[in-house]
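Reading the structure
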Amino acid sequence: DAGITQSPRHKVTETGTPVTLRCHQTENHRYMYWYRQDPGHGLRLIHYSYGVKDTDKGEVSDGYSVSRSKTEDFLLTLESATSSQTSVYFCATGTGPTDTQYFGPGTRLTVL
Amino acid sequence: QKEVEQNSGPLSVPEGAIASLNCTYSDRGSQSFFWYRQYSGKSPELIMSIYSNGDKEDGRFTAQLNKASQYVSLLIRDSQPSDSATYLCAVLPSSGSARQLTFGSGTQLTVLP
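Presented here is a report on the structure given in the accompanying data block. (Residues numbered from 1 in each chain as written. Chains lettered and ligands numbered in written order. Predicted model: local features only at pLDDT ≥ 70, side-chain atom pairs only at ≥ 80, totals over all residues. Heavy atoms only, no water.)

1. What to know about the pattern of salt bridges
Rule in force here: Criterion for a salt bridge: a side-chain nitrogen of Lys or Arg within 4 Å of a carboxyl oxygen of Asp or Glu.
Inspection of every chain in the model, using the stated rule, returns seven salt bridges over all chains. Connected via shared salt-bridge partners are Arg22, Lys70 and Asp73 of chain A.

2. A few points about the sheet that holds strand β6 (residues 54-58) of chain B
Residue and element names in this part refer to chain B. Heads up, the rule is: Here a strand pair is declared whenever DSSP counts at least two bridges between the two strands. Helix numbering and strand numbering both begin at the N terminus, where a helix is a DSSP run of H or I of at least 4 residues and a strand a DSSP run of E of at least 2. Orientation is described by axes fitted as lines to C-alpha atoms, over the contacting stretch for helices, and by angles from 0 to 180 degrees between their N-to-C directions.
Read from one edge to the other, the open sheet built from five strands follows the order β1-β3-β8-β7-β6, with strand pairing classed as antiparallel. In the strand order of this sheet, the two ends are held by β1 (4-6) and β6, each with one partner. Strand-to-strand, the axes of this sheet are offset by a mean angle of 20 degrees, without reference to chain direction. Examined bridge by bridge, strand β7 (residues 61-66) and strand β8 (residues 71-76) share six bridges and lie antiparallel to one another. Residue pairing for β8: Ala63 is matched across the bridge by Leu74.

3. Here we look at the sheet that holds strand β3 (residues 19-25) of chain A
Residues and elements named next belong to chain A. A sheet is described by the order of its strands in space; here four strands give the open sequence β1-β3-β8-β7, paired in antiparallel fashion. Among the strands making up the open sheet, the edge pair consists of β1 (4-7) and β7 (64-70). Along the sheet, successive strands turn relative to each other by an average axial angle of 20 degrees, direction set aside.

This is the structure in structure tokens:
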């Protein structure tokens, strides 16, 4: 798992509330990614980072923002959670854009 | 059209048999291909990566790549019940805004004792 932790591991929240998920890595990997996984859709990229303060959008970025102020931490924020954002969120890291990605344990988020 | 297609399954094979998992992709210029295994409730873990046409073997696992047919497969020999999981095919396109790894929806494999 390349020394990747995610917090919280489970969260239940209400529609309209802000939510922040944290990914922490100890491998000093330059690249970090946030995915969501939903039945029938597989893993879809939300945002990724290619360095401190360097981030870009993925396939399903609407409603999400990210920040990376340190190499080891990558935060995913849902500014105003909606029920459609109920999902399992995975963080991943990698040494380069074409290299293997290693996944964290995931966060199960339920928005009521 | 989804860029990476996998048979969703479920695929069931008896213990000791060969399990064959298939994946097709739409970007002809793709260069990097990965197979991940995901147990229920767990995170994906890398099994194999393959970059060149042909076969690549690692223990009981063999990845096969045919770029002309835009096809990559994973064979699991001597399947064990512990191989029961969802297998995700992932492809790195040749171009695009960020060359983002694209995943298929996964094939659920069950190995019957």
